[in-house]
Amino acid sequence: LPHENRQTIRKTIDFAKSLKLDRAFFNICTPYPGTDIYENAQLGDGCSLLSRDWSDFKRHGNAVIELEDVSREELIDFQRLATMEFYARWPIVADHVKSYLHGSREGFYYRPLFFALRERIRRMLSLRDSRTGETPSLKTTRHVKEESPS
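Residues numbered from 1 in each chain as written. Predicted model: local features only at pLDDT ≥ 70, side-chain atom pairs only at ≥ 80, totals over all residues. Heavy atoms only, no water.

**A look at the confidence of the model for the protein chain**
Here is the rule we go by: The score called pLDDT rates the predictor's confidence residue by residue, from a low of 0 to a high of 100. Runs of H or I in DSSP of at least four residues are treated as helices and runs of E of at least two as strands, each being numbered from the N terminus. Here, residues are in contact when the closest pair of their heavy atoms is within 4.5 Å.
Residue-level pLDDT values for the protein chain average 85, and 85% of them are 70 or greater. Within the protein chain, helix α6 (residues 138–141) has the poorest average pLDDT of any element, 37, and helix α1 (residues 6–18) the best, 97. A low-confidence stretch, residues 135–148 (pLDDT under 50), is modelled with 20 contacts involving residues beyond four sequence positions or located in other chains.

As structure tokens, then:
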């Protein structure tokens with residue numbers, strides 16, 4: 001939201017993880033025309049509007065704003081991080097496995113979990129590579145696809 005910073009975003013992620021929830025969604029504020037947030041974003045009040053192209057207005061995986069201290073790219077990374085940290089925890093994974101074993105097969109229900117696990121693996125591989133200087137083989141990365149849990 002406008003006027004947020006890295007610390008308040010971090011607190012929001014930690015707060016969501018502290019609640020007894022099995023699902024959470026982390027969206028980036030998207031100021032639509034006709035709203036107060038849109039008018040404020042055009043003026044640079046708390047955030048700056050970066051695009052007026054409707055194809056950029058998505059609820060996940062893109063940002064049409066940046067904050068005073070948080071860039072568009074950082075907002076997208078925080079969104080990915082929040083989803084990963086929330087869903088790639090053992091209680092959440094176990095709950096999803098239990099739901100699947102009890103017959104719940106709706107693919108959309110599992111998208112955030114699959115995204116979080118792929119993101120966790122991608123980040124682990126990236127960290128390993130930065131420490132060792134090695135490039136992961138195609139065999140280990142071919143299923144780690146950049147996508148969002150829309």
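**A closer look at the nonpolar core**
For soluble globular proteins, the rule of thumb is that nonpolar side chains tend to be buried together. The condition that has to hold: For this analysis, a nonpolar core means a set of buried residues of the types Ala, Val, Leu, Ile, Met, Phe, Trp, Tyr and Cys, connected via side-chain atoms within 4.5 Å. Any residue under 20% of the maximum accessible area for its type is buried, any over 50% is exposed, and the rest in between are partly exposed; the area is computed with a 1.4 Å probe on protein chains only.
Membership of the largest hydrophobic core comes to 28 residues, with the highest contact counts inside it found for I9, I65, L67, L75 and F86. Looking at this core, the elements that each hand over two or more residues are α1, α2 (36–43), β1 (47–49), β2 (65–67) and α3 (72–87). Ranked by residues supplied to this core, first place goes to α3 with eight residues. Sequence-distant contacts of F86, that is, excluding residues within four places in its chain, are made with A16, K17, L21, D22, R23, A24, F26 and I92.

**Notes on the packing of aromatic side chains**
The geometry of an aromatic ring pair comes down to the distance between the two centres and the angle between the two planes. Definition in use: Pairing of aromatic side chains here covers Phe, Tyr and the six-membered ring of Trp, requires ring centres within 6.5 Å, and sorts the geometry by plane angle: under 30 degrees stacked, over 60 edge-to-face, intermediate tilted. Placement of a charge over a ring requires the Lys NZ or Arg CZ to be within 6 Å of the ring centre, with the centre-to-atom vector within 35 degrees of the ring normal.
Following the criterion strictly, the structure yields eight aromatic pairs and no others. On the basis of an interplanar angle of 25° and a centroid distance of 6.2 Å, the ring pair of Y110 and F114 is categorised as stacked. Of the two residues, Y110 and F114 are both situated in helix α5 (residues 107–132); the distance of four residues between them amounts to about one turn of the helix. Under the relative-accessibility criterion, Y110 is labelled buried at 4%. The rings of Y100, Y109, Y110 and F114 are connected pair by pair, giving a single aromatic cluster. The lysine or arginine in question, R89, covers the ring of F86, its NZ or CZ lying 4.6 Å from the ring centre. Here R105 stacks its cationic end above the ring of Y100, 4.0 Å away from the centre of that ring.

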